[in-house]
Amino acid sequence: GAGVSQSPSNKVTEKGKDVELRCDPISGHTALYWYRQSLGQGLEFLIYFQGNSAPDKSGLPSDRFSAERTGGSVSTLTIQRTQQEDSAVYLCASSLAGGARTGTEAFFGQGTRLTVV
Amino acid sequence: AQSVTQLDSQVPVFEEAPVELRCNYSSSVSVYLFWYVQYPNQGLQLLLKYLSGSTLVKGINGFEAEFNKSQTSFHLRKPSVHISDTAEYFCACGGGTALIFGKGTTLSVSS
């Protein structure tokens, strides 16, 4: 497809388990973002990848969160030892080179709704 | 560092009334400003953006926003809303590493 694809769309996991969330950006987009959307909290920035540069991890809330981007394309957000407060919608977005630095539009996926029980 | 404040968490209006959703930003670098909309059970989509030039920006669905540097604001307006405008609206600020979002404003349009 032409848009940003995220999988799974829904994920229910038990507290303490690890989860992996996947994002396929739009082809040719070198900038990729992960955000967390919680009710009443807006979109919380997690991590930003730009090409081969070192990612900006300044938004990751704890060391249980990590993300990779392989081959400059697909990205995986991993949450280890999930907690109930991790329950949220995790959104991925991609944009052309430059991303936020140059005002390039970010295109969002539909998100993964994570529920930790 | 950048930050975005959306001053109203909820805005209820009647159909065909005008609406303004307020957004203030803080940034130490040049800014690019965006409004995104999220309709119920849908993803975010871009309404409009300000990069440079004219401070009045027109977007989709009849929305417009005005960049005011002295007041560090980027308020979103529509002269006459429709039921279909019911959605969550997010203001965002770029120019740094990431796109920073406000907490959102829920616009509820009723008849």
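These lines cover the structure that appears in this document, whether it is placed above or below. Predicted model, so just to flag it, every value in this text is computed and none were measured.

Some details on the overall build of chain B
At step 1: Regarding its fold elements, chain B presents 0 helices and 12 strands.
At step 2: The helix and strand sequence of chain B, counted from the amino end, reads β-β-β-β-β-β-β-β-β-β-β-β.
At step 3: For 111 residues, the compact-globule estimate of 2.2 N^0.38 gives 13 Å, and chain B sits close to it at 13 Å.
At step 4: For chain B, with 111 residues in total, the buried portion stands at 48%.

Thoughts on the state of the cysteines
At step 1: Under the counting rule described, the total for this entry stands at 2 disulfides over all chains.
At step 2: Between A:C23 and A:C92 runs a disulfide, and the two sulfur atoms are separated by 1.9 Å. The disulfide joining A:C23 to A:C92 has a torsion of about -65 degrees about its S-S bond and is therefore left-handed. Highlighted residues: A:C23 in strand β3 (residues 19-24) and A:C92 in strand β8 (residues 88-95), separated in sequence by 69 residues. When sorted by exposure, A:C23 lands in the same class as A:C92, which is buried.
At step 3: Paired through a disulfide, B:C23 and B:C91 show a sulfur-sulfur distance of 2.0 Å. Taking the sign of the torsion about the S-S bond as the criterion, the disulfide between B:C23 and B:C91, at about -65 degrees, is left-handed. Highlighted residues: B:C23 in strand β4 (residues 23-26) and B:C91 in strand β10 (residues 87-94), separated in sequence by 68 residues.

Considerations on the nonpolar core
At step 1: With 28 residues, the main nonpolar core has B:L33, B:W35, B:L47, B:L48, B:F74, B:L76 and B:Y89 as its most contacted residues.
At step 2: Per element, the largest residue contribution to this core is 4 residues, and it comes from β10(B).
At step 3: Ignoring sequence-local partners within four residues, the contact set of B:F74 consists of B:C23, B:L33, B:F34, B:W35, B:L48, B:K49, B:Y50, B:A65, B:E66 and B:F67.
At step 4: With 21 residues, the next largest nonpolar core counts A:F45, A:L91, B:F34 and B:F101 among its residues.

Conventions and cut-offs
- Residues numbered from 1 in each chain as written.
- Chains lettered and ligands numbered in written order.
- Predicted model: local features only at pLDDT ≥ 70, side-chain atom pairs only at ≥ 80, totals over all residues.
- Heavy atoms only, no water.
- Helix = DSSP H or I, 4+ residues; strand = E, 2+ residues; numbered from the N terminus.
- Rg over C-alpha atoms; globule rule 2.2 N^0.38 Å.
- Buried < 20%, exposed > 50% of the residue type's maximum accessible area, 1.4 Å probe, protein only.
- Disulfide = S-S within 2.5 Å.
- Core = buried A, V, L, I, M, F, W, Y, C linked by side-chain atoms within 4.5 Å.
- Contact = heavy atoms within 4.5 Å.

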